[in-house]
Amino acid sequence: MNHRITFFESVLGEKIIVFPSHRGCVRTESGRVYFFKSGPESRTFRCEARGLQELASAGAIRAADVVSVGDDYILTCHVDDTRPRNGFFEQFGRALAQLHRHTAASFGFCENNFIGANRQMNVPSETERNDWTTFYFNKRLLYQFRLAERRGYAIPELRKGFARLESKIESILKGSDDLPALLHGDLWSGNFLCDPLNRPVLIDPAVYYGHREAELAMTTLFGGFPQEFYDAYSEAFPLKPGYDYRRDVYTLYHVLNHLNIFGEAYMHEALSLLKRYE
């Protein structure tokens, strides 16, 4: 620990008076505050840092500022998280619409990263670069289904439902073509903060360039966002007709991911989503 404190004092250029063992606030002698996370060596922290930097580069929504990152830690500027006040979610909806106008030449990302504890496959093949349906099915749904097979969750009912979905995925997503938009990738109520100026701040991303409907669908899970968020987004950047029908095929990715992380508690929800496309 002393070695680590010495290292971060050299990074920050001043003495540290509070340093957490694994996760929490770092406080310096001058009163500056940072947020620190550490864990076993992996690519997760570097991927998180690159995702935050990619989001910040769009200039649409503030993302937690990365100060330093390594194989087993990330240090960001601390955000004083406050309770959202009137107008916060309208501002957030408009800002997300602006983020989604930041586009790329192809779907995916320069590297694979993580969605929770699982890998998220982002590097596209040549056939996936400009074909959203192929990218989404292969890199999102099929990857999670095969992971479920390896972990023993692919019960016959799940297999049958997934096979039906595979045969219909082209027709389900037909007509929703859009440019590859910059996505947070894991946007739910636990992955944003509200700063003292009542502005959203993004944290813990799983960044890639994809269809913006996938992002909006994710926000409806685990309690969802207030209606004013969706109204403001739709006013700023309307979705194509049929989103309500397509939404569940996007939430399926995250439900399958939770099935693969947390187990059979998510099986019923996964099967229910698949039944909607019978």
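Up top is the structure these notes are about.
Rules and cut-offs
Residues numbered from 1 in each chain as written. Predicted model: local features only at pLDDT ≥ 70, side-chain atom pairs only at ≥ 80, totals over all residues. Heavy atoms only, no water. Axes fitted to C-alpha atoms, helices over the stretch in contact; angles between N-to-C directions. Helix = DSSP H or I, 4+ residues; strand = E, 2+ residues; numbered from the N terminus. Parallel < 35°, antiparallel > 145°, perpendicular 65-115°, else oblique. Contact = heavy atoms within 4.5 Å. Buried < 20%, exposed > 50% of the residue type's maximum accessible area, 1.4 Å probe, protein only. Core = buried A, V, L, I, M, F, W, Y, C linked by side-chain atoms within 4.5 Å. Patch = residues over 30% accessible without salt bridge, like charges linked within 9 Å, V, L, I, M, F, W, Y side chains within 5 Å. Areas by Shrake-Rupley, 256 points an atom, 1.4 Å probe, with all protein chains shown as cover. Salt bridge = Lys/Arg side-chain N within 4 Å of Asp/Glu carboxyl O. Pairing = 2+ DSSP bridges. Phe/Tyr/Trp six-rings, centres within 6.5 Å; stacked < 30°, edge-to-face > 60°. Lys NZ or Arg CZ within 6 Å of the ring centre and 35° of its normal. Left-handed = near helix turned anticlockwise from the far one by under 90°. Nonpolar A, V, L, I, M, F, W, Y, C, P; charged D, E, K, R; others polar. Polar contact = N/O pair within 3.5 Å; in protein donor to acceptor, adjacent residues only side chain to side chain.

1. Quick look at the packing of helix H6 (residues 212-219) against helix H8 (residues 243-262)
Reasoning step 1: At a minimum axis distance of 8 Å, the contact between H6 and H8 shows a crossing angle of 75°. The angle between H6 and H8 places the two elements in the roughly perpendicular class. Across the interface between the two elements, Glu213, Ala214, Leu216, Ala217 and Met218 from H6 touch Tyr243, Arg246, Arg247, Tyr250, Thr251 and His254 from H8.

2. Notes on H6
Reasoning step 1: Summarising burial for H6: eight of the eight residues are buried, a large majority.
Reasoning step 2: Three or more residues of H6 are buried, namely Arg212, Glu213, Ala214, Glu215, Leu216, Ala217, Met218 and Thr219.
Reasoning step 3: Check the buried side of H6 and you find it contacts helix H3 (88-100), helix H4 (132-150), strand S9 (181-183), strand S12 (208-210), helix H7 (227-236) and H8.

3. As for the nonpolar core
Reasoning step 1: Ranked by size, the top nonpolar core spans 75 residues in total, and within it Phe92, Trp132, Leu141, Leu158 and Val249 carry the most contacts.
Reasoning step 2: With residues up to four places along the chain from it excluded, the contact list for Leu158 reads Phe145, Tyr153, Leu256, Leu259, Met267, Ala270, Leu271 and Leu274.
Reasoning step 3: Grouped together as the second largest cluster of nonpolar side chains are nine residues, Leu12, Ile16, Tyr34 and Leu75 included.

4. Let's talk about a nonpolar patch on the surface
Reasoning step 1: Judged by side-chain polarity, Phe7, Val11 and Val67 come together as a nonpolar surface patch covering roughly 200 Å² of accessible area.
Reasoning step 2: Within the secondary structure, Phe7 sits in helix H1 (residues 2-12).

5. With respect to the sheet that holds strand S5 (residues 66-70)
Reasoning step 1: An order of S1-S2-S3-S6-S5 is seen for the five strands of this open sheet, with the pairing classed as antiparallel. Looking at the sheet topology across the chains shown, the edges are occupied by strand S1 (16-18) and S5. Taking the axes of each pair of neighbouring strands and ignoring which way they run, one obtains an average angle of 25° across the sheet.
Reasoning step 2: Pairing of S5 with strand S6 (residues 73-77) involves four bridges; the strand directions are antiparallel. By the bridge assignment, Ser68 is partnered in S6 with Leu75.

6. Some details on the packing of aromatic side chains
Reasoning step 1: Within the structure shown, the criterion is met by 31 aromatic pairs.
Reasoning step 2: When the ring centre of Phe237 is taken as reference, the NZ or CZ atom of Arg101 above it lies at 3.8 Å.
Reasoning step 3: The positively charged end of Arg212 is found above the aromatic ring belonging to Phe237, 3.4 Å away from the centroid.

7. Topic: the pairing of strand S2 (residues 23-28)
Reasoning step 1: Bridge analysis of S1 against S2 gives two bridges, and the strand direction is antiparallel. What sits directly across from Val18, in S2, is Arg27.
Reasoning step 2: Here S2 pairs with strand S3 (residues 33-38) via five bridges, running antiparallel. Looking at S3, one finds that Val26 is bridged to Tyr34.
Reasoning step 3: Between the antiparallel neighbours S2 and S3 lie four residues, among them Gly31 with a positive phi of about 100°.

8. Some thoughts on the packing of helix H5 (residues 156-173) against helix H9 (residues 267-275)
Reasoning step 1: Contact geometry for H5 and H9: axes closest at 9 Å, N-to-C directions at 35°. Crossing of H5 against H9: the hand is left-handed. Along the contact surface, H5 presents Glu157, Leu158, Gly161, Phe162 and Leu165, while H9 presents Met267, Ala270, Leu271, Leu274 and Lys275.
Reasoning step 2: Counted by class, the contact of H5 with H9 contains seven nonpolar, one polar and two charged residues.

9. Remarks on the sheet that holds strand S11 (residues 200-202)
Reasoning step 1: What the three strands build is an open sheet, ordered S4-S11-S10; its pairing is mixed. Two strands close off the open sheet at either side, each with one partner strand: strand S4 (62-63) and strand S10 (192-194).
Reasoning step 2: Of the pairings in the sheet, the one linking S4 to S11 comprises two bridges and is parallel in character. Within S11, the residue paired with Arg62 across the bridge is Val201.
Reasoning step 3: Against the sheet, H3 makes contact with S10 and S11, and its axis sits at roughly 135° relative to S10, the strand it touches most.

10. Focus on the environment of Phe107
Reasoning step 1: Locating Phe107 in the fold gives a position in the loop between H3 and strand S7 (113-115).
Reasoning step 2: Residues Phe107 and Phe8, spaced 99 residues apart in sequence, show a C-alpha to C-alpha distance of 37 Å.

11. So, the side chain of Lys37
Reasoning step 1: Within the secondary structure, Lys37 sits in strand S3.
Reasoning step 2: Residue Lys37 is classed as buried on the basis of its relative accessible area, which comes to 11%.
Reasoning step 3: A polar side-chain atom of Lys37 sits 3.0 Å from a polar atom in the side chain of Asp204.
Reasoning step 4: Among residues more than four places away in sequence, those in contact with Lys37 are His22, Arg23, Phe45, Glu48, Asp72, Tyr73, Ile74 and Asp204.

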